[in-house]
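# Descriptive structure summary
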Amino acid sequence: MRSLPALLLLLAAGFFARPAFAYPFMIGHGYTGCAQCHTDPSGGSALTEYGRAQAEIFMRSAYAPSKGDPGRIKDFAFGVPLPKELQLQGDVRGLLYPRPTDAAATEWTVRTLLMQADLRAHVKLGGLRAYGSVGYVSEGADLAWITSNTSGGNVVSREYWVGYDVMKGLLVRGGRLALPYGIRSEEHLLYARSATRTTTNDDQQLGLDAVYGRGKFRAELMGIAGNFQIGPDDYRERGYSALFAYAPMNTLEVGVSSLFTTTALDYEALLPRDRQAHGVFARYAPLEKVRFLAEGHVTVSSLDGEAGLVGSVGYLQVDTEPVQGLHVKGTGEWCETDHADDLDPAGRGTATVQWFFAPHMDVRLDAMYGPLYCTPGVEPGPAATAQLHLFL
Amino acid sequence: MSLLLAVNAAFALSNFPGLVQDELAMDCAPSCMLCHTTPAGGAGTATQSFADALAAEGFSVADTATLATALAAVQSKGTTYDGNGDGVNDVDELAVGENPNADGTDFCPADGDAPPTLTRGCFAEGGDTAAAGLGLGLAAAALRRARRR
């Protein structure tokens, strides 16, 4: 709490709190939801003007006493004025990944990935809303491709939707949406996200969705029509994804999630597949600068009509902020795809330092020990990555 | 150390079934089970005999160009590479849609029921430009309207 205006804004946001954050550690500032700061009431999208102000006031390192009002630097492209009905945001995120080029590790290179170069726009005219993103990736994000270059970069569109605020706290929308499941986070490599296919990287699906959030409760239900940026139709999953959360206090939120999809041809297994995931999640900040995030889910995968393989996935993460803007995190994860097999569950420990060091910018270093994906039986080992993120 | 290689692979290996299909002019793309021991693939599970054969002939997940040379090298060495011991070279077997590993079903059934190739991107065959176009078009129209206001 660096100023009275900031405190008042924080209290107001806490009162009207709604769905989860792309930076879920914000619960340490009393935010159990994110509708105040993100144009998507489920989070992870372009920031509102209020959210931009909070990013300046609370999230980045402060090198001088705060005046409460961050001024124009918080705005799009560091100060471009926009009509209040329009929010624009550009995001660029690059990754450095040192790796050996041969099994003996005699030579190393540093691999670079352009993970994100997105322009996002949100328009709100009365109760009508529209949102869309378009961007470029140097590789990966296959399920969000617009173009089809299998040997290099691609244009991607991760999300696009139109919606209507039916009543206060209730948004109904249709389009390509991130699935409402668990804690929404920018960390798309968390086993709990990748194993349930609920990342915000490229796991969005086309569907209809209702988001409700008032006071201490929030809920979201999405009917999934499939990913129409892959084909043919056999590969598209249909089903539902939903969550319900309750915040008994502004530093604690607990919730449940459920997901079911069915497809004629799973894009990984090349067989008919039904997937289920059901679980719980919680965010808790016993101190303003100490936050705990946790999820635990049961997963069921049925291939070609056979009995489902029952597994589980989850994590516990502690996020501390010793000085404003500098986060030191520890994450422990597990993932098991079939409890009946003899393979050891995939497990991973990750130490993270993330520094919001300047307006609109952060750098992140991760050192991990364990498989990158949910692959039980894999011999664990070390890896490290570095990321730089800039948003306009 | 093996993990670092495996992690690297996991970033981009989802393209490899399609690359194998193109290289061998197969009727369908093989599943991840060609090289991996799990249907979903994943880091560290590329332990099928066919994966070992490719690795022995210089295939590196860090360089997709090595796939073609490794496939050719495996094919040129006859039954040196015969993972299921049926007397047919692994690549020759794969080229006609059969599974060269000791266990597993064939990839491209001869009865024409081979799974269709997964396409990615709105403009690929089987992709849907309408869905993406509708969403982006609506967003663009709303943007224009907002600017007029």
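In this text the structure is predicted, and so the values were computed from the model without any measurement. (Residues numbered from 1 in each chain as written. Chains lettered and ligands numbered in written order. Predicted model: local features only at pLDDT ≥ 70, side-chain atom pairs only at ≥ 80, totals over all residues.)

## Remarks on the overall build of chain A
When you go through chain A residue by residue, the secondary structure sums to three helices and 18 strands. Since a compact globule built from 392 residues should have a radius of gyration of about 21 Å, the 20 Å found for chain A is in line with a globular shape. Once the C-alpha set of chain A is aligned to its principal axes, its extents read approximately 60 × 55 × 40 Å. When the 392 residues of chain A are sorted by exposure, 49% land in the buried category. Look at the contacts in chain A between residues 6 or more apart in sequence, and 49% of them connect residues 24 or more apart. (Helix = DSSP H or I, 4+ residues; strand = E, 2+ residues; numbered from the N terminus. Rg over C-alpha atoms; globule rule 2.2 N^0.38 Å. Buried ≥ 20, exposed ≤ 12 C-beta atoms within 10 Å, placed from the backbone. Contact = placed C-beta atoms within 7 Å.)

## As for the overall build of chain B
Summing up its helical and strand segments, chain B has six helices and one strand in all. Starting at the N terminus, the α and β elements of chain B follow one another as α-α-α-α-α-β-α. Contacts in chain B between residues far apart in sequence, at least 24 positions, make up 37% of those at least 6 positions apart.

## Overview of the pairing of strand β2 (residues 108–125) of chain A
All names here are of chain A. Pairing of β2 with strand β3 (residues 128–137) involves eight bridges; the strand directions are antiparallel. For leucine 125, the partnering residue across the bridge sits in β3 and is leucine 128. The hairpin turn running from β2 into β3, its antiparallel successor, is two residues long, and glycine 126 in that turn takes a positive phi close to 65 degrees. (Pairing = 2+ DSSP bridges.)

## Section: the nonpolar core
All names here are of chain A. The biggest cluster of nonpolar side chains holds 19 residues, and the ones touching the most others in it are Trp161, Leu179 and Tyr181. If you list the elements that add at least two residues to this core, you get β2, β3, β5 (160–167), β8 (217–226) and β10 (238–249). For leucine 179, the residues in contact, after removing those within four places along its chain, are Thr198, Asp203, Gln205, Met222, Ser241 and Leu259. Core analysis: the second largest hydrophobic core is formed by 17 residues, Cys34, Ala35, Met59 and Ala285 among them. (Core = buried A, V, L, I, M, F, W, Y, C linked by C-beta atoms within 7 Å.)

## Observations regarding the environment of threonine 48 of chain A
Residue and element names in this part refer to chain A. Positionally, threonine 48 belongs in the loop between α1 (4–15) and α2 (49–59). With 18 C-beta atoms packed within 10 Å, threonine 48 lands in the partly exposed category. Taking the C-alpha atoms as reference points, threonine 48 and proline 24, separated by 24 residues in sequence, lie 17 Å from one another.

## Observations regarding the confidence of the model for chain B
Residue and element names in this part refer to chain B. For chain B, the mean per-residue pLDDT works out to 73, and 62% of the residues sit at or above 70. Per-element confidence in chain B is highest for helix α5 (residues 90–95), whose mean pLDDT is 92, and lowest for helix α1 (residues 2–12), whose mean pLDDT is 33. Low pLDDT, under 50, characterises residues 1–13; the predicted model gives this stretch 38 contacts beyond four residues in sequence or across chains. We note a pTM of 0.78 for the whole complex and an ipTM of 0.78 for its interfaces. (pLDDT = per-residue confidence, 0-100.)

## Side note on the pairing of strand β17 (residues 361–369) of chain A
All names here are of chain A. Of the strand pairs in this sheet, strand β16 (residues 346–358) and β17 are connected by eight bridges, and their pairing is antiparallel. By the bridge assignment, valine 353 is partnered in β17 with leucine 365. Counted along the chain from β16 to the antiparallel partner β17, the turn is two residues long, and its residue histidine 360 has a positive phi close to 70 degrees. Here β17 runs beside strand β18 (residues 382–391); their pairing, made up of nine bridges, is antiparallel. Counterpart to valine 363 in the pairing with β18 is leucine 388.

## Observations regarding helix α3 (residues 49–56) of chain B
Listing the buried residues of α3 of chain B in full gives Phe50, Ala53 and Leu54 of chain B. Along the axis of α3 of chain B, the buried positions cluster into a sector of 95 degrees, meaning they face one direction only. (Arc of directions from axis to C-beta.)

## Describing the packing of helix α2 (residues 16–24) of chain B against helix α4 (residues 65–76) of chain B
Residue and element names in this part refer to chain B. Interaxial distance between α2 and α4 falls to 11 Å at its minimum, and their mutual angle equals 50 degrees. Regarding the angle of α2 to α4, the classification is oblique. Pair α2 / α4 crosses with right-handed handedness. Residues Leu19, Glu23 and Leu24 of α2 touch α4, and the partners they reach there are Leu67, Ala68 and Leu71. (Axes fitted to C-alpha atoms, helices over the stretch in contact; angles between N-to-C directions. Parallel < 35°, antiparallel > 145°, perpendicular 65-115°, else oblique. Left-handed = near helix turned anticlockwise from the far one by under 90°.)

## Things to note about the environment of leucine 113 of chain A
Residues and elements named next belong to chain A. Tracing the sequence through the fold places leucine 113 in strand β2. Each C-alpha atom, one on leucine 113 and one on threonine 261, is 31 Å from the other, the two residues being 148 residues apart in sequence. Non-local contacts of leucine 113, meaning those with residues more than four positions away in its chain, are made with Gly94, Leu95, Tyr97, Ser138 and Glu139.

## Thoughts on the environment of histidine 29 of chain A
Tracing the backbone through its elements, the reader meets histidine 29 of chain A in the loop between α1 and α2. C-alpha of histidine 29 of chain A to C-alpha of aspartate 304 of chain A: the two residues are 275 residues apart in sequence and 47 Å apart in space.

## Observations concerning unusual backbone geometry
Residue and element names in this part refer to chain A. The omega torsion across glycine 231 and proline 232 is -5 degrees, close enough to zero to call that bond cis. Inspection of the secondary structure assignment puts proline 232 in the loop between β9 (230–231) and β10. We note that phenylalanine 78 has phi near 65 degrees; this positive angle belongs to a residue other than glycine. Following the sequence through the fold, phenylalanine 78 ends up in the loop between α2 and β1 (86–100). Not every positive phi belongs to a glycine, and aspartate 304 is a case in point at roughly 55 degrees. By secondary structure assignment, the location of aspartate 304 is in the loop between β13 (290–303) and β14 (309–323).

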